[in-house]
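What follows is the residue order along each chain.
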Amino acid sequence: MTREQAVIPEPATWTGIVGDIVLGLLLGTVGLLYGSLALLAGALYSAYDAAAGVAARLPGPGNIRLRRESSASTGKESPEPLPAIFFSVFLLMGSVQLGIAAITDIAEADTAPPETFVLAAVLLSMALRETLFQVKLRLTRRKADVDLQSLVEKHRQSLFSSVIVLAGIFGAMGGQAWDLPAMAYLEPSAAILVALHVLIQVYRLVKRSVYGSPASQLREEDAASLIETVQRVHGVITVDDLKAQENGHYVTVTARISVNPKITVMEANDIANRAKMLLLNRFSHITDVRIQVAPYEAGYPYKSNTEESDSDLPNLLQ
C-alpha cells in the first residue's frame with residue numbers, strides 16, 4: 001500500500017540553495033572585477049553546491065510513484081539523471097576553462113598579487129558560509145532530519161575549497177609583502193586545485209544520479225517505535241522483521257509478522273491491512289508499507305500452543 005503525497009522540501013534545503021547562490025554571485029562578481037582566478041574557483045564551487053541541491057529536488061522524467069516503487073524494490077534512491085547532467089555540463093565547462101586560464105597564467109608568468117578587497121571577500125564568504133551552515137543545522141535538527149551526516153559532509157567539502165582559496169590568496173599577498181615573486185603563483189595554483197575538486201564532485205554527482213545511492217536505514221529508536229506500533233494491532237503475535245529505509249524525503253517500511261496459524265487467509269490479510277493503515281495514519285512521513293504474513297511457529301518447548309488440543313500423539317512416554 002502506497003500513499004500518494006507530494007514531497008515538500010524542508011526549509012533547510014532552500015535556505016542552503018539560496019545561500020550558495022548568493023555566495024557564488026558574491027565571489028564571482030569580486031573575482032571578475034579584480035581578476036582573481038581563485039575567487040572565481042570559489043564561486044564555481046558555490047555554484048556546484050547550489051546545482052547539487054537543486055538537482056536532488058527536481059523531479060525526474062518519471063512521476064513520484066514510479067520513482068518511489070523503484071526505490072522500494074531496489075533499495076536505492078531512484079536516479080534522476082537529467083537535471084544533474086544538465087548542471088554538470090556547465091560546471092564541467094567552467095572547471096576546464098578556469099583550469100586552462102590558471103595554467104596559462106602560470107606558463108606566461110602573467111600573475112599579479114591580489115588586492116586587499118579580494119582577501120576580505122574570501123573571509124566574508126567563509127563567515128557567511130559558516131553562518132549558513134549553523135542555520136541549516138538548527139533547522140535540520142528541529143525537523144529531525146536523517147540527512148544530518150550528508151549536511152556535515154557537504155559543509156566539510158565546501159570548507160576545504162574555501163581554505164584552498166584563502167591559502168592561495170593569502171600566500172600571493174604574502175609573497176608581495178616579503179618580496180618573493182614565486183609565491184604569486186599560489187593563487188592560480190589554488191584555482192587549479194579547486195577546479196579539480198569541482199570536477200571530482202561533479203563526477204560523484206553524475207554517478208549518484210545515474211546509479212543511485214543506497215537508501216539509508218532509519219535510526220534504531222525510530223524502527224523500534226514502528227515495531228511497537230505494529231505489535232499493537234490485534235492478531236499480530238510477533239514482528240519477526242521490520243526494515244524502514246529513508247529514500248529522499250519519504251520512508252518505505254517492509255515488515256514480516258506472525259499470526260495465528262489456525263486463522264484463514266482472509267483474516268490474515270485483514271490483520272496485515274490494519275497494520276498498514278495504522279502505520280500510514282500514525283506516521284505522516286511513511287509513504288509505502290509492505291507487510292508479509294507468516295504463520296506463528298512457537299517451536300520447542302512451546303510447540304503445544306499451536307497444536308490441536310485433541311492430538312492423537314501421547315503427551316507422556318508409555
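Residues numbered from 1 in each chain as written. Predicted model: local features only at pLDDT ≥ 70, side-chain atom pairs only at ≥ 80, totals over all residues. Heavy atoms only, no water.

Examining the overall build of the protein
Moving on, step 1. Of the regular secondary structure elements, the protein holds 9 helices and 4 strands.
Moving on, step 2. Starting at the N terminus and walking to the C terminus, you meet the elements of the protein as α-α-α-α-α-α-α-β-α-β-β-α-β.
Moving on, step 3. The burial tally for the protein puts 39% of its 318 residues in the buried class.
Moving on, step 4. Considering only contacts in the protein between residues 6 or more positions apart, those separated by 24 or more positions represent 75%. (Helix = DSSP H or I, 4+ residues; strand = E, 2+ residues; numbered from the N terminus. Buried < 20%, exposed > 50% of the residue type's maximum accessible area, 1.4 Å probe, protein only. Contact = heavy atoms within 4.5 Å.)

Focus: the packing of aromatic side chains
Moving on, step 1. The final tally for this structure, using the stated rule, is 4 aromatic pairs.
Moving on, step 2. The interplanar angle of 70 degrees and the centroid separation of 5.6 Å between the aromatic rings of F86 and F87 together place this pair among those described as edge-to-face.
Moving on, step 3. For the ring pair F86 and F90, a centre distance of 5.3 Å and an interplane angle of 70 degrees mean the geometry is edge-to-face. In this pair, F86 and F90 both sit in helix α4 (residues 81-107), 4 residues apart, roughly one turn of the helix. (Phe/Tyr/Trp six-rings, centres within 6.5 Å; stacked < 30°, edge-to-face > 60°.)

A look at the nonpolar core
Moving on, step 1. Among the nonpolar cores identified, the biggest contains 32 residues, and L39, Y48, I169 and V194 are the most heavily contacted of them.
Moving on, step 2. Counting residues per element, the ones that place at least two in this core are α1 (11-34), α2 (37-57), α4, α5 (116-142), α6 (148-177) and α7 (186-211).
Moving on, step 3. Ranked by the residues each element gives to this core, the list is headed by α2, at 11 residues.
Moving on, step 4. Non-local contacts of Y48, meaning those with residues more than four positions away in its chain, are made with L91, Q201, V202, L205 and R208. (Core = buried A, V, L, I, M, F, W, Y, C linked by side-chain atoms within 4.5 Å.)

Concerning the confidence of the model for the protein
Moving on, step 1. Here the protein averages 78 in pLDDT, and 74% of its residues register 70 or above.
Moving on, step 2. No element of the protein has a lower mean pLDDT than helix α3 (residues 64-74), which averages 39, and none a higher one than helix α9 (residues 265-282), which averages 91.
Moving on, step 3. Predicted confidence for residues 60-80 stays below pLDDT 50, and this span has 49 contacts to residues more than four positions away or in other chains.
Moving on, step 4. Here residues 300-318 is a poorly scored stretch, pLDDT under 50, and it has 7 contacts once near neighbours within four places are set aside; other chains count. (pLDDT = per-residue confidence, 0-100.)

Focus: the pattern of salt bridges
Moving on, step 1. Evaluated as defined, the whole model comprises 6 salt bridges.
Moving on, step 2. Here D20 ties to K154 by a salt bridge, and the two come within 3.3 Å at their closest N and O atoms. With D20 in helix α1 and K154 in helix α6, this residue pair connects regions lying 134 residues apart in the sequence.
Moving on, step 3. The exposure class assigned to D20 is buried, which follows from its relative accessible area of 3%.
Moving on, step 4. Owing to a relative accessible area of 27%, K154 belongs among the partly exposed residues under this scheme. (Salt bridge = Lys/Arg side-chain N within 4 Å of Asp/Glu carboxyl O.)

Details of a nonpolar patch on the surface
Moving on, step 1. Together, I85, F86, V89, F90, M93 and V210 make up an exposed nonpolar region whose accessible area comes to about 550 Å².
Moving on, step 2. Tallying contributions element by element places α4 first for the nonpolar patch, with 5 residues.
Moving on, step 3. Summarising the element assignment, M93 is placed in helix α4. (Patch = residues over 30% accessible without salt bridge, like charges linked within 9 Å, V, L, I, M, F, W, Y side chains within 5 Å. Areas by Shrake-Rupley, 256 points an atom, 1.4 Å probe, with all protein chains shown as cover.)

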